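# Secondary and tertiary structure notes
Residues per chain are reported as follows:
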Amino acid sequence: MRVSSGKMNKTGAKTADQKEAWVLVNVGTPDDPSTLSVRRYLSEFLNDPKVIDLPWLSRNLLVNLIIVPFRAPRSAKKYRWLWTEEGSPLLHHMNELVKKLQQLAGDRADVFGAMRYGNPPLDELVDELEESSYSSVTYLPLYPQWADSTTGSVQQVIFGRVRTRTRIIDQFYDHPGFLECFAEIIQGHDPGSFDHVLFSYHGLPLRQIRKSHPEVPVQGCSCEKEMPSHGTYCYRAACFATTRLLAEKCGIPGDRWSVAFQSRLSRNWMSPFTDERLVELAENGKKRVLVVPASFVADCLETTLEIGHEYRELFLEAGGEELVMTESLNSSDKWAGVLYEILL
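Described in the following lines is the structure provided in the data block. Not measured: the values here are computed from a predicted model. (Residues numbered from 1 in each chain as written. Predicted model: local features only at pLDDT ≥ 70, side-chain atom pairs only at ≥ 80, totals over all residues. Heavy atoms only, no water.)

## Considering the pairing of strand β7 (residues 288-293)
The buried count for β7 comes to five of six residues, which makes it a mostly enclosed element. Judged from the five bridges that link them, strand β5 (residues 196-202) and β7 form a sheet pairing that is parallel. By the bridge assignment for β7, phenylalanine 199 is matched with valine 292. Two strands pair when backbone bridges link them, and β7 and strand β8 (residues 322-325) are joined in this way by four bridges, in the parallel orientation. Residue pairing in the sheet places valine 291 in a bridge with methionine 325 of β8. Note that the unit made of β7, helix α10 (residues 301-317) and β8 has a crossover that is right-handed. (Buried < 20%, exposed > 50% of the residue type's maximum accessible area, 1.4 Å probe, protein only. Helix = DSSP H or I, 4+ residues; strand = E, 2+ residues; numbered from the N terminus. Pairing = 2+ DSSP bridges. Right-handed = clockwise from strand over helix to strand, strands pointing away.)

## A closer look at the sheet that holds strand β6 (residues 257-262)
What holds strands together in a sheet is hydrogen bonding between their backbones, with the strands either parallel or antiparallel. Sheet architecture is open: four strands sit in the order β6-β5-β7-β8, paired in parallel fashion. At either margin of the open sheet sits one strand with a lone partner, and together these are β6 and β8. Averaged over all adjacent pairs, the angle separating strand axes in this sheet is 25°, with direction ignored. Those strands touched by helix α9 (residues 274-283) are β5, β6, β7 and β8, and its axis lies near 170° from that of β5. In the packing of α10 onto the sheet, contacts are made with β5, β6, β7 and β8, and the angle to β8 comes to roughly 170°. (Axes fitted to C-alpha atoms, helices over the stretch in contact; angles between N-to-C directions. Contact = heavy atoms within 4.5 Å.)

## Quick notes on the packing of aromatic side chains
Evaluation of the coordinates by the stated rule reveals 13 aromatic pairs. With a centroid separation of 5.9 Å and 45° between ring planes, the pair formed by phenylalanine 172 and tryptophan 335 is classed as tilted. Here tryptophan 335 lies in helix α11 (residues 333-343) and phenylalanine 172 lies in the loop between β4 (166-168) and α6 (176-187), a separation of 163 residues in the sequence. Residue classification places tryptophan 335 among the buried positions, given a relative accessible area of 0%. Members of the aromatic cluster, connected to one another through ring pairs, are Phe172, Phe178, Phe182 and Trp335. Between arginine 264 and the ring centre of phenylalanine 273, over which it is positioned, the NZ or CZ distance is 4.2 Å. Lying across the ring of phenylalanine 194, arginine 288 places its NZ or CZ 4.2 Å from the centre. (Phe/Tyr/Trp six-rings, centres within 6.5 Å; stacked < 30°, edge-to-face > 60°. Lys NZ or Arg CZ within 6 Å of the ring centre and 35° of its normal.)

## Structural notes on the sheet that holds strand β2 (residues 109-118)
Read from one edge of the open sheet, four strands run β2-β1-β3-β4, paired in parallel fashion. The sheet terminates laterally at β2 and β4, the two strands that pair on one side only. On average, each strand axis in the sheet is tilted by 25° relative to the strand beside it, whichever way the strands run. Bridge count between strand β1 (residues 20-29) and strand β3 (residues 136-141): six bridges; the pairing is parallel. Residue pairing for β3: glutamate 20 is matched across the bridge by serine 136. Contacts from helix α1 (residues 35-46) reach β1 and β2, with the element oriented near 95° to β2.

What follows is the structure, given as structure tokens:
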């Protein structure tokens, strides 16, 4: 990133055209847990062709006539369960990170937060910053592993609007600070005391994985054991690489951890599926399992509710005795410090 130079004002602080702008971006959240607000959020989210990459007519019919009308009331109930006095946990943690990063950045940069879907809207902020006098603008999507439906969607919004001075940090799963933060949380749960450690990642349709390396079939790919040359921007490869790095850092033997994928919408998504894997572990005599949601940097519906409650019930019903989910990085001081390092 270019470090601005030039004259200081009389107080020694940088003037507006010498400052950088740093923007944290996350996926989004409804404004409130009402069915109407959730429906509006889901409609914006699921109509993104990067998220559901079907032809326009098929996507429009599927999302607006089937998924959103039936899913919104159920999702609203879940959001009401998740909502706190501070509102949406995802938005709360991002706001806290923005405050902490601003303290660390001082007069070097102004720090902003935006959501790809919902509020505060990314597209409006991009337009405002494009017209600003900042020396440079850096966007950091809060997704450790690159995927076309997450970081790729953010990139599309930004590059469709900007001309100069802009960069995007596209993934950070292998950044030493990120690994140190997550490893510290895992070690705080004493992983050696569990029968198994399951690393759970948000799933994607298999067709999206195939698009990242169409010349190499997903089945039989070597990414479960090593990062292949074609895997730099393959979400599946990055998930396995994240797991290997964290397991090694935490001293978890290879026969005591595995990888699974959650939040599927159909059987044609990445597998093994987290819920089925947990049932399998319980049926195979694994009584205590630690789950690490390593594709999420903030606790949300998919961690707190899906893993922490729904999957826990499945595990216990299948014969397990204790399922513990590690908390995410959220807005801890250490994580804010790591983000500062990444943005520098």
